[in-house]
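# Observations on the three-dimensional arrangement
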Amino acid sequence: MGNTLHSAAPNVQLIVTENTWLEGKAIQQLETTARLPEMVRVVGLPDLHPGRGYPVGAAFFTQSHFYPALIGNDIGCGMALWRTDLTLNKWSLDKLEKRLGSIDAPLEAEDLPDDIPEYFCHSPGTIGGGNHFAELQQLDEIYQPELLETWQLNKQQLLLLVHSGSRGMGQMILEQHVREHGHNGLVASSPQAQNYLQQHQQALDYACFNRQLIAGRMLKRWRANGEHLLDVSHNLLTPCTIGGVDGWLHRKGATPADQGPVIIPGSRGDYSYLVQPLPSEQSLFSLAHGAGRKWMRGECKERLSGRYNAVQLSRTALGSRVICLDKQLIFQEAPEAYKPIDGVMEAMLQAGLIQLVARLKPVLTYKTRGGNE
Ligand SMILES: Nc1nc2c(ncn2[C@@H]2O[C@H](COP(=O)(O)O)[C@@H](O)[C@H]2O)c(=O)[nH]1
Ligand SMILES: [Mn+2]
């Protein structure tokens, strides 16, 4: 692994190249977090960026204690991918957009299976705000055909990528934890820790189920079929052994490298990559979960409004289309607000953490039909 850097703190490593865009604030947050009691090792991935108190794009390994506040409020947020039988030969972007309509309103009880747990009830079938999205994508470059043959993928068929989390459920769990314990960690063997782990598992299950609801309702609108290919969460806590030590692996915007193929998205105007992880203890069995933000939400409109209006932002340089009637959000989520994905991939390739399988390009990105000045 030729490409990791130790930061000023001995237990902090960064997976970067000399070209990786890293904000000082993110490194500061990483080093502060590395000083928490019982923290053994911390890894900053190439999509590292500042978060609310703790950085995003990082993995943290602790012994005997764990920190729910580090996982944050969107427990179980992740990426799920479907092969569809939609093709651009038969479907124009206009038709795809029109048939989809709005999927902003939660599904009604009669649209949900009867036998689901009662906690599967937080705005079911909705994506949520911020950088959550659902996107049709198309295979653009193939590097390793074997996996694509197994999945029966070809360049004609569109893929559906859904990025969403546990909606209000994760927020509720985090708020309860902070009310009772502040940002302190929990002793892993304590009843309080067991209670958190149970709630955390419910949130992981709900987030995964909700991604299926989202894909299901979209495919239904297009009268299309979908084959589920993968579902990988990037905000989660797992028991893990690192260097012979049993402990707890916190992933905050970090994609597991030990669960098979994963997708690493760029932005609505950049490529996404399907990759085969090469699991490595050195990276705490984790990969970047995206490109990572470059600009703060609050600065995007000011930086971009002289160059583009909201209508122009609904088309991208890759020829794709964006459904986002929220005029603040469409600026906040502009491709320019994110790091270029190729630099992120390069850092992981140089570190020997991934093999590229395919490059995908966006076709139609759904954010919201809700208007907001
Ligand atoms: N293909 C797309 N990728 C996107 C879009 N919006 C954001 N992103 C990428 O996803 C990650 C998710 O970050 P998270 O911290 O919210 O989990 C982000 O870093 C971007 O790289 C999009 O519309 N399409
Ligand atoms: Mn996420």
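Computed from a predicted model, the values in this text were never measured in an experiment. (Residues numbered from 1 in each chain as written. Chains lettered and ligands numbered in written order. Predicted model: local features only at pLDDT ≥ 70, side-chain atom pairs only at ≥ 80, totals over all residues. Heavy atoms only, no water.)

## Brief notes about the environment of Asp-258
Among the secondary structure elements, Asp-258 is positioned in the loop between β13 (254-256) and β14 (262-264). Owing to a relative accessible area of 40%, Asp-258 belongs among the partly exposed residues under this scheme. Taking C-alpha positions, Asp-258 is 7.8 Å from Ser-286, a pair spaced 28 residues apart along the chain. Here Asp-258 is in contact with Arg-251, Pro-279 and Phe-285, once residues within four sequence places are set aside. (Helix = DSSP H or I, 4+ residues; strand = E, 2+ residues; numbered from the N terminus. Buried < 20%, exposed > 50% of the residue type's maximum accessible area, 1.4 Å probe, protein only. Contact = heavy atoms within 4.5 Å.)

## Concerning unusual backbone geometry
Peptide bonds are, in most cases, trans, and in most cases residues other than glycine have a negative phi. In this structure, Ser-123 is a non-glycine residue whose phi angle is positive, near 45°. If you trace the backbone, Ser-123 turns up in the loop between α3 (93-100) and β7 (133-142). Positive phi, close to 55°, is recorded for Gln-152, a residue that is not glycine. Inspection of the secondary structure puts Gln-152 in the loop between α4 (145-150) and β8 (157-164).

## Let's talk about the layout of surface pockets
Its volume calculated, the second largest pocket comes out at about 200 Å³. Surrounding the second largest pocket, 13 residues form its lining, Ala-310, Ser-314, Val-322, Cys-324 and Leu-325 being those nearest its centre. Ranked by the residues each element gives to the lining of the second largest pocket, the list is headed by strand β17 (residues 321-326), at five residues. Taken together, the residues that form the lining of the second largest pocket break down as seven nonpolar, one polar and five charged. (1 Å grid on protein atoms, 1.4 Å probe; cavity = no way out; pocket = protein on both sides within 12 Å on 5 of 7 lines; lining within 4 Å. Points joined across faces, edges and corners; volume = space filled by probe spheres on them. Nonpolar A, V, L, I, M, F, W, Y, C, P; charged D, E, K, R; others polar.)

## Observations concerning empty space enclosed by the protein
Enumeration according to the criterion identifies one cavity of 30 Å³ or more in this entry. Approximately 30 Å³ is the volume found for the largest cavity. For the largest cavity, the full set of lining residues is Met-79, Val-232, Ser-233, His-234, Thr-255, Val-262 and Ile-263. Here the residues of the lining of the largest cavity are counted per class, giving four nonpolar, three polar and no charged.

## A few points about the site of ligand 1
Close to ligand 1 lie 20 residues, the nearest being Asn-131, Glu-135, Gly-266, His-289 and Ala-291. Residue His-163 places a side-chain N or O atom 3.1 Å away from an oxygen atom belonging to ligand 1. Protein contact buries 94% of the 520 Å² of open area that ligand 1 shows by itself. For the shell around ligand 1, the element with the highest residue contribution is β7, accounting for three residues. For the shell around ligand 1, a count of residues per class yields six nonpolar, eleven polar and three charged. (Near = heavy atom within 4 Å. Polar contact = N/O pair within 3.5 Å; in protein donor to acceptor, adjacent residues only side chain to side chain. Areas by Shrake-Rupley, 256 points an atom, 1.4 Å probe, with all protein chains shown as cover.)

## Notes on the pattern of salt bridges
In the structure shown here, the tally under the stated rule is twelve salt bridges. The closest approach of N and O atoms between Glu-97 and Arg-321, which form a salt bridge, is 3.0 Å. Taken together, the residues Glu-97 in helix α3 and Arg-321 in strand β17 connect sequence positions 224 residues apart. Across the pair, exposure class does not vary: Glu-97 and Arg-321 are buried alike. A salt bridge links Arg-359 to Asp-140, with the shortest nitrogen-to-oxygen separation between them at 2.7 Å. Here Arg-359 is found in strand β18 (residues 354-372), whereas its partner Asp-140 is found in strand β7, with 219 residues between them in sequence. For the residue pair Arg-359 and Asp-140, the accessibility class agrees, reading buried in each case. (Salt bridge = Lys/Arg side-chain N within 4 Å of Asp/Glu carboxyl O.)

## Remarks on the nonpolar core
Counting residues in each nonpolar core, the largest one holds 59 residues, and the members touching the most others are Leu-274, Val-275, Leu-287, Met-345 and Met-348. The dominant element in this core, judged by the number of residues it contributes, is β18, at five residues. Setting aside its immediate chain neighbours within four residues, Met-345 contacts Ile-264, Tyr-273, Val-275, Ile-354 and Leu-356. Residues Ile-214, Leu-219, Ala-224 and Tyr-366 belong to the second largest nonpolar core, which totals 23 residues. (Core = buried A, V, L, I, M, F, W, Y, C linked by side-chain atoms within 4.5 Å.)

## Focus on the side chain of His-132
By secondary structure assignment, the location of His-132 is in the loop between α3 and β7. With near-sequence residues (within four places) excluded, His-132 lies in contact with Asp-74, Cys-77, Ile-127, His-163, Ser-164, Gly-165 and Lys-367.

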